[in-house]
Structures are given as C-alpha cells and as structure tokens.
Amino acid sequence: QEFTAKTDRLSDLKIHWHFIGHLQKNKAKTVVGKAEVIHSLDSIELAEVLDKQAEKLQIQQKVLIQVNLGNEETKGGFSKEDVVQYWPILCKFPHLALNGLMTMPPLTEPELARPFFKELKELFMVLKSTTPSHHPFTELSMGTSGDFAVALLEGATIVRIGTILFGERPTKR
C-alpha cells in the first residue's frame, strides 16, 4: 500500500523503483511492472504469482531472491538449502529475470554481519555457475544504513541506505 501510494504520487517523475520488504501474493499485481526490481522473492508460490502477472503485462520482471541466512522467524526468505534445492525451478519461470540475491542479516554490529555477507557471496558464486545465460544474475543486495560499508567490502552491488538518506521511518501506531 505504501509502495502504491508513493508510485502514484510521484508518477510524473522518472524514478526507477525498487520494492524492498515482504510482498504478499495478493498484492503482487500492484508491484509487478511498477518496480524495476523486486528485492524480496521469498517463495516458489510468490514466484508463480509474479511470473503470471508479468506474463499478463508481457514483461520480464527483475527479481532478487531473498535468502534468510540467519534463519530468523521474523524475516522472510528462502533458507540457503532451499535456494539450492529450488534453483532449477526458479530458473525456469519465463517472465522472471533473476538478477541476484538479497539478504537481511540479524540486526547487529556491522562486523558481526560480515559472516552473513560472506556467506551470501559464496552462495551467489555457486548459483552463478549454474545460472542459465538469459538471467542477468549480477546483483548482491546486502547492507543497510548501519552496515553498508562492511557489505560493500564483501561484494555488495546494491546497498539499502534509506535511513541515511531519509531519516528514521515513522513508528506505526
């Protein structure tokens, strides 16, 4: 809802939108085609919905596979093992362009996040070797305002620094 409100309000500007955060299957149609990249593909079921919506729009939707390396129940994403297991299936959705991987490590000190960034980079390299050539698979989205410097040192190509740019998000009441 927040994404739709922002894209509608700023529709006269040429903005390359990235959707970050949990995406419910029933909301996917409002994001596909509006977001240049969806950073939170976290299940095969969501991949099916995104692919069908992209087919309706006759587009290739760029996505990043969200990997929950900390196995946190409060965060979405494939486990590392599930990404490897489902990789051949994910590669076959004709209207999804697999652009790379995304992770959100447990909230901690930047140096304690480093092992998660290294692990994502290692997984990225393993998957890249088996990725069909029609998928770009070049991006590692990892690091936020609190740990982006460490993420960049570990190979991040996209960092999410909204707090640095826009300040703290308002708390929900």
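Student: Can you lay out the environment of Ile164 for me, pointing to particular residues and giving the numbers?
Tutor: On the secondary structure map, Ile164 appears in helix α6 (residues 162–166). Taking the C-alpha atoms as reference, Ile164 lies 8.9 Å from Thr144; in sequence the two are 20 residues apart. Those residues in contact with Ile164 that sit more than four places away from it in its chain are Ser145 and Phe148.

Student: Which residues make up the pattern of salt bridges, and what values go with them?
Tutor: This model, assessed by the stated rule, comprises four salt bridges. Put simply, Arg114 and Glu111 hold a salt bridge, and the shortest N to O gap is 2.7 Å. Here Glu111 and Arg114 lie together in helix α4 (residues 110–128), a separation of three residues that amounts to about one turn. Overall, the relative accessible area of 18% leaves Arg114 in the buried class. Residue class for Glu111 comes out partly exposed when judged on its relative accessible area of 48%.

Student: So what's going on with the nonpolar core? Residues and values would help.
Tutor: Within the largest apolar cluster, 41 residues are counted, with the highest numbers of intra-cluster contacts made by Ile38, Leu41, Leu50, Ile65, Trp87, Leu90 and Leu101. Elements that contribute at least two residues to this core include exactly β2 (37–41), α2 (44–57), β3 (61–67), α3 (80–90), β4 (96–103), α4, β5 (139–144) and α5 (148–153). The element best represented in this core is α4, accounting for seven residues. Filtering out sequence-adjacent residues up to four positions away, Ile38 remains in contact with Phe19, Leu23, Val31, Val32, Leu50, Gln61, Lys62, Val63 and Leu64.

Student: Mind laying out the packing of aromatic side chains, listing which residues take part and the relevant values?
Tutor: In this description, a pair of aromatic rings is defined by centroid distance and the angle of the planes. Throughout the structure, instances matching the rule amount to five aromatic pairs. Centroid distance Phe3 to Phe19: 5.4 Å. Interplanar angle 85°. Geometry classified as edge-to-face. Placement of the pair is Phe3 in helix α1 (residues 2–9) and Phe19 in strand β1 (residues 18–19), with a sequence separation of 16 residues. Each member of the pair Phe3 and Phe19 is classed as buried. What links up through ring pairs into an aromatic cluster is the set Phe3, Trp17 and Phe19.

Student: Break down the sheet that holds strand β6 (residues 158–160) for me, with residues and values.
Tutor: A sheet is described by the order of its strands in space; here six strands give the open sequence β1-β2-β3-β4-β5-β6, paired in parallel fashion. Unpaired on one side and paired on the other, β1 and β6 mark the two borders of the sheet. Pairing of β3 with β4, which is carried by seven bridges, proceeds in the parallel orientation. Within β4, the residue paired with Val63 across the bridge is Leu98. Docked against the sheet, α2 engages β2, β3 and β4, running at close to 155° with respect to β2. Contacts from α3 reach β2, β3 and β4 within the one sheet, and its direction differs from that of β3 by about 155°.

Calculation criteria
- Residues numbered from 1 in each chain as written.
- Predicted model: local features only at pLDDT ≥ 70, side-chain atom pairs only at ≥ 80, totals over all residues.
- Heavy atoms only, no water.
- Helix = DSSP H or I, 4+ residues; strand = E, 2+ residues; numbered from the N terminus.
- Contact = heavy atoms within 4.5 Å.
- Salt bridge = Lys/Arg side-chain N within 4 Å of Asp/Glu carboxyl O.
- Buried < 20%, exposed > 50% of the residue type's maximum accessible area, 1.4 Å probe, protein only.
- Core = buried A, V, L, I, M, F, W, Y, C linked by side-chain atoms within 4.5 Å.
- Phe/Tyr/Trp six-rings, centres within 6.5 Å; stacked < 30°, edge-to-face > 60°.
- Pairing = 2+ DSSP bridges.
- Axes fitted to C-alpha atoms, helices over the stretch in contact; angles between N-to-C directions.

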